[in-house]
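# Coordinate inspection notes
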Amino acid sequence: MNADELLDQVTVVLVTYHSAHCLDALDALLAHCPHVVISDNGSTDDTPALARARWPQATVLEHGRNLGFGAANNRALAATRTPLALLVNPDCEVTPEGLRELVRVANGMPEAAIVAPQLEGAPGRPDVNYRWPSTAWSSRGPGAEGPACVGFVVGAAMLFRLSRFEGVGFFDERFFLYYEDDDLCLRLFQQQRPIVVWPAVAAVHRARGSVKGKTPWKSEYLRGYHHAQSKLIYTAKHRSHAKARRQRWSVLLGTTVALPLRAIAWSPRLLARMAGRWMGLVRWRLRG
């Protein structure tokens, strides 16, 4: 099978939100891909228009508001017609040859639900973006030196074989941001649908680089808010409501004590994120 035939089997799926600054770096991959779906969560920086102009082959879904990461991915997956889909964050760089290799691997392992590359914080600096399910036991030791079957991979770059999600579904839309990949991987693991990490393929992930709006403090606040909410939703779903309540009180106490210290140390970014976490914890109680 030649290179073009490999790329014809896969749709590249991106969720964007104020991500126009990422488009130049993404062109190295998307210019070679015949199937692209961009799911835009209400960007105000012309991301949809710029994407259409740059990649005429792409389907651009404009939701007009922020649906959340998992929900926007679900809309894109519903529009995907190829057997494989590469879900990749706008701040994650995958080369065309890296994607071809992931497709080759997936074709050789048709039972695998997900094949994931090795994430790197910078070229040549690998991160351990995989582990066993946290609900089972804590993973230890160095990163994989070769292909490995795991229980979780970070959602920044994942190649899905869509047929292997039948009976499992895609993302639980109760998770607006964070933990949606933990939840999905755990459900696949419980159904014995293999998740494989392939370290020979690297993807550079410039973490937290997808969003570049006019209000960075607000973005940090929302990160903290949704991380706190999603953590408790995950615990309640996969452990127990009682454990989630105990976890909420523990983290809320620690955050309340730490907030004044963070204000004294004066890091606006971290202070905004911590304030968001505090509010997310408080509001989760109201929702519960």
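The next thing to look at is the overall build of the protein chain. Per the secondary structure count, the protein chain includes nine helices and twelve strands. Relative to the 2.2 N^0.38 estimate, which gives 19 Å for 288 residues, the radius of gyration of the protein chain is 19 Å and therefore close to what a compact globule would have. Summarising its shape, the C-alpha atoms of the protein chain cover approximately 60 × 40 × 35 Å along the three principal directions. Expressed as a percentage of the 288 residues in the protein chain, the buried residues total 50%. Contacts spanning at least 24 positions in sequence make up 75% of the contacts within the protein chain whose residues lie at least 6 apart.

Here we come to the pattern of salt bridges. In this structure the tally under the stated criterion is 14 salt bridges. Between Glu 173 and Arg 75 there is a salt bridge, and its shortest N-O distance comes to 2.7 Å. Taken together, the residues Glu 173 in the loop between strand 11 (157-161) and helix 6 (180-190) and Arg 75 in helix 4 (residues 69-78) connect sequence positions 98 residues apart. Overall, the relative accessible area of 35% leaves Arg 75 in the partly exposed class. In this structure, the salt-bridge partner of Arg 104 is Glu 97, at a minimum N-O distance of 2.9 Å. On the basis of relative accessibility, which here comes to 41%, the residue Glu 97 falls in the partly exposed class.

Further remarks concern the side chain of Asn 41. Within the secondary structure layout, Asn 41 lies in the loop between strand 2 (36-40) and helix 3 (47-54). Polar contacts involving the side chain of Asn 41 include one to the main-chain carbonyl oxygen of Gly 68, which spans 3.3 Å. Here Asn 41 is in contact with Val 15, Thr 16, Tyr 17, His 63, Arg 65, Asn 66, Leu 67, Gly 68, Phe 69 and Ala 72, once residues within four sequence places are set aside.

Axis separation between helix 2 (residues 23-30) and helix 3 bottoms out at 12 Å; the angle between their running directions is 35°. In this structure, helix 2 meets helix 3 at a crossing whose hand is right-handed. Taking contact as the criterion, the partners of Leu 23, Asp 24 and Asp 27 in helix 2 are, on helix 3, Thr 47, Leu 50, Ala 51 and Arg 54. Classifying every residue of the contact of helix 2 with helix 3 by side-chain character gives three nonpolar, one polar and three charged.

Criteria and thresholds
Residues numbered from 1 in each chain as written. Predicted model: local features only at pLDDT ≥ 70, side-chain atom pairs only at ≥ 80, totals over all residues. Heavy atoms only, no water. Helix = DSSP H or I, 4+ residues; strand = E, 2+ residues; numbered from the N terminus. Rg over C-alpha atoms; globule rule 2.2 N^0.38 Å. Buried < 20%, exposed > 50% of the residue type's maximum accessible area, 1.4 Å probe, protein only. Contact = heavy atoms within 4.5 Å. Salt bridge = Lys/Arg side-chain N within 4 Å of Asp/Glu carboxyl O. Polar contact = N/O pair within 3.5 Å; in protein donor to acceptor, adjacent residues only side chain to side chain. Axes fitted to C-alpha atoms, helices over the stretch in contact; angles between N-to-C directions. Left-handed = near helix turned anticlockwise from the far one by under 90°. Nonpolar A, V, L, I, M, F, W, Y, C, P; charged D, E, K, R; others polar.

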